[in-house]
Amino acid sequence: MLMAPAFADTSALDARVSTQSAGTVNVPANTVLTFGGYVKADFIYDFDQAQGDTIFPPSLTIPESAANDGGFRFHVRQSRLNITTTSQTGIGEVTAKIEWDLFGPAGNQAVSNSNLFRLRHAFIQTNGWTVGQYWTLFMPLSSYPGTVDFQGPSGILFVRQPQIRYTHQVNDMFSVAFSVENPETIGDSGGSFNGNDDIPDFVAAVRAEGAWGSVDVAGIYRN
């Protein structure tokens, strides 16, 4: 007797797959899951001073060992991966995102060039609230210029902080935001940290935006 294999009706699944947009997959509970990121290779030659795989932040002291005749450095540490979920819930849309790059501890260049993941962002957003690790509210993110170097331009504020933030859109032009943030940042004494902060950072910001451009005003209260 010949037995023919039985196949389940896949019409419903086929219909669901055909409605997917590129780069996203529907998951249960009215949630869209998105994977993002990129692969980037950097090819560096330092003239007269080895600064490593990025230029040092201005607040850090360049060690004497960095002074030499320069040299080559190739790496892919700026490559990154992120996962974002967007869910339709009873309280409105809820977005969660987590992102890593490869600027964790570096591996042995002589063996496998391994690099560990480093956390960049990990936050949840809904109804104007942001909870988790994201750029500090004090940083003018929308006007941050793009640079070839990973550290960005010298002298500009650059820090990601665990925080609780609320943003309110007043009208089409103005928005206000308040945040309570982790107080630890690099100091001005060669990268030292103060471990005795007894209050968090309190940040407030006002933003005006239109066809003419944008203006950000922010203030911070900290110990």
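Thresholds applied
Residues numbered from 1 in each chain as written. Predicted model: local features only at pLDDT ≥ 70, side-chain atom pairs only at ≥ 80, totals over all residues. Heavy atoms only, no water. Salt bridge = Lys/Arg side-chain N within 4 Å of Asp/Glu carboxyl O. Helix = DSSP H or I, 4+ residues; strand = E, 2+ residues; numbered from the N terminus. Buried < 20%, exposed > 50% of the residue type's maximum accessible area, 1.4 Å probe, protein only. pLDDT = per-residue confidence, 0-100. Phe/Tyr/Trp six-rings, centres within 6.5 Å; stacked < 30°, edge-to-face > 60°. Patch = residues over 30% accessible without salt bridge, like charges linked within 9 Å, V, L, I, M, F, W, Y side chains within 5 Å. Areas by Shrake-Rupley, 256 points an atom, 1.4 Å probe, with all protein chains shown as cover. Contact = heavy atoms within 4.5 Å.

A word on the pattern of salt bridges. For the coordinates displayed, the defined rule picks out seven salt bridges. Ionic pairing is found between Glu99 and Arg120, a salt bridge with its closest N-O pair at 2.9 Å. Linking Glu99 in strand β6 (residues 92–101) with Arg120 in strand β7 (residues 118–126), this pair joins segments that are 21 residues apart in sequence. Classification of Glu99 by relative accessible area gives buried; the value is 5%. Two residues, Arg207 and Glu209, come together in a salt bridge whose shortest N-O distance is 3.4 Å.

What follows deals with the confidence of the model for the protein chain. Of all residues in the protein chain, 74% attain a pLDDT of 70 or more, and the chain-wide mean is 81. At the level of individual helices and strands, the protein chain shows its lowest average pLDDT in helix α1 (residues 11–18), which scores 55, and its highest in strand β8 (residues 129–135), which scores 97.

Moving on, we get to the packing of aromatic side chains. Enumeration over the complete set of coordinates arrives at nine aromatic pairs. On the basis of an interplanar angle of 80° and a centroid distance of 4.7 Å, the ring pair of Tyr45 and Phe47 is categorised as edge-to-face. You can call Tyr45 partly exposed: its relative accessible area is 35%. Through a chain of ring-to-ring contacts, three or more aromatic side chains come together here, namely Phe43, Tyr45, Phe47, Phe72 and Phe74.

Our next topic: unusual backbone geometry. Positioned with a positive phi, Asn113 is a non-glycine residue whose angle comes to about 55°. Residue position: Asn113 is located in the loop between β6 and β7. Residue classification places Asn113 among the partly exposed positions, given a relative accessible area of 46%. Positive phi, normally seen in glycine, also occurs at Asn127, with a value near 50°. With respect to the helices and strands, Asn127 occurs in the loop between β7 and β8.

It is worth spelling out a nonpolar patch on the surface at this point. On the surface, Val170, Met173, Phe174, Val206, Trp212, Val215 and Val217 cluster together to form a nonpolar patch covering roughly 630 Å² of accessible area. Along the chain, Met173 turns up in the loop between β9 (160–169) and β10 (174–181). Judged by relative accessible area, Met173 falls into the partly exposed class, the value being 35%.

Along the chain, Arg118 falls in strand β7. For the pair Arg118 and Phe103, spaced 15 residues apart in sequence, the C-alpha to C-alpha distance is 5.7 Å. Apart from residues lying up to four places away in sequence, Arg118 is in contact with Glu99, Trp100, Asp101, Phe103, Gly104, Phe150 and Arg160.

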